[in-house]
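# Geometric and topological summary
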Amino acid sequence: MPNPEPPSVHNIEKAFARGEEQALRAAYKQHGNLIYTYCRRTLDEDRANDVTQEVFISAWRSRHRFDPAKGTLVGWLFSITRNRIIDNVRAEQRHSERRVNLDATELPTESEIDTIGNKMMIADALRSLPDRVRQVIMLHYFDDLTQGQIAERMSIPLGTVKSILRRGLLQIRRQLESAHE
């Protein structure tokens, strides 16, 4: 018997908002590694594991506040993660004043936490785009090609390149905005 197809991100988001039990497991499976990686880039391994768990528990408890029409689940989880990381860094700073062996300057600032999160959100948003859309965006913004050059290189009409860029950027924007609500 073939493996069933994994649920789509959109379906997971709707099920999560409705409070369906399997949605928490699906959300963790879909986004747990990304959330952990964000935590791990700013916290030690043990705290990163703990904060990752706290994020999903907190998200599940407050799932009634998540609205898929206003943003993505991963963006909402990133927002919760950011706040949990900042809380942990602040607590560590308070405790570091009592410890001689920890240099408080090693702890990330809120700005650094935001920068790491934004970079990860953009990378995740790019990965979630269809191949052609991702390629057009990367050619335009990373390879610095004009829309005309992209149209020529990919052998597609200029109007199509413009449409792809606009739709792709709107998708990325939606995901980023949901992380900052």
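See the structure printed just above.
Please read all numbers here as calculations on a predicted model, not as lab measurements.

Bringing the overall build of the chain into the picture now. The helix and strand inventory of the chain stands at eight helices and zero strands. Scanning the chain from its N terminus toward the C terminus, one meets helices and strands in the order α-α-α-α-α-α-α-α. Each of the 181 residues in the chain was classed as buried or not, and the buried ones make up 39%. Taking the intrachain contacts of the chain between residues at least 6 apart in sequence as the baseline, contacts between residues at least 24 apart amount to 64%. When the accessible surface of the chain is totalled, it reaches about 11400 Å², and 49% of it is carbon and sulfur.

This paragraph deals with unusual backbone geometry. A negative phi angle characterises most non-glycine residues, just as the trans form characterises most peptide bonds. You will see that aspartate 144, though not glycine, has its phi angle at about 60°, which is positive. The exposure class of aspartate 144 is exposed, given its relative accessible area of 66%. Although it is not a glycine, serine 155 sits at a positive phi angle of roughly 55°. Looking at the element boundaries, serine 155 is found in the loop between α7 (147–154) and α8 (158–179).

Between helix α2 (residues 21–40) and helix α3 (residues 45–61), the least distance of the axes is 9 Å, while the angle of their chain directions is 145°. Considering only the axes of α2 and α3, their crossing is right-handed. Seen from α2, the contacting residues are Glu21, Leu24, Ala27, Tyr28, His31, Gly32, Ile35, Tyr36, Cys39 and Arg40; seen from α3, they are Glu45, Ala48, Asn49, Val51, Thr52, Gln53, Val55, Phe56 and Trp60. By residue class, the composition of the contact of α2 with α3 is eleven nonpolar, five polar and three charged.

Quick look at helix α1 (residues 9–18) now. Of all the positions in α1, only Ile12, Glu13, Ala15 and Phe16 are classed as buried. Immediately beyond the C-terminal end of α1, within one or two residues, lies glycine 19, with a positive phi of roughly 85°.

What counts and what doesn't
Residues numbered from 1 in each chain as written. Predicted model: local features only at pLDDT ≥ 70, side-chain atom pairs only at ≥ 80, totals over all residues. Heavy atoms only, no water. Helix = DSSP H or I, 4+ residues; strand = E, 2+ residues; numbered from the N terminus. Buried < 20%, exposed > 50% of the residue type's maximum accessible area, 1.4 Å probe, protein only. Contact = heavy atoms within 4.5 Å. Areas by Shrake-Rupley, 256 points an atom, 1.4 Å probe, with all protein chains shown as cover. Axes fitted to C-alpha atoms, helices over the stretch in contact; angles between N-to-C directions. Left-handed = near helix turned anticlockwise from the far one by under 90°. Nonpolar A, V, L, I, M, F, W, Y, C, P; charged D, E, K, R; others polar.

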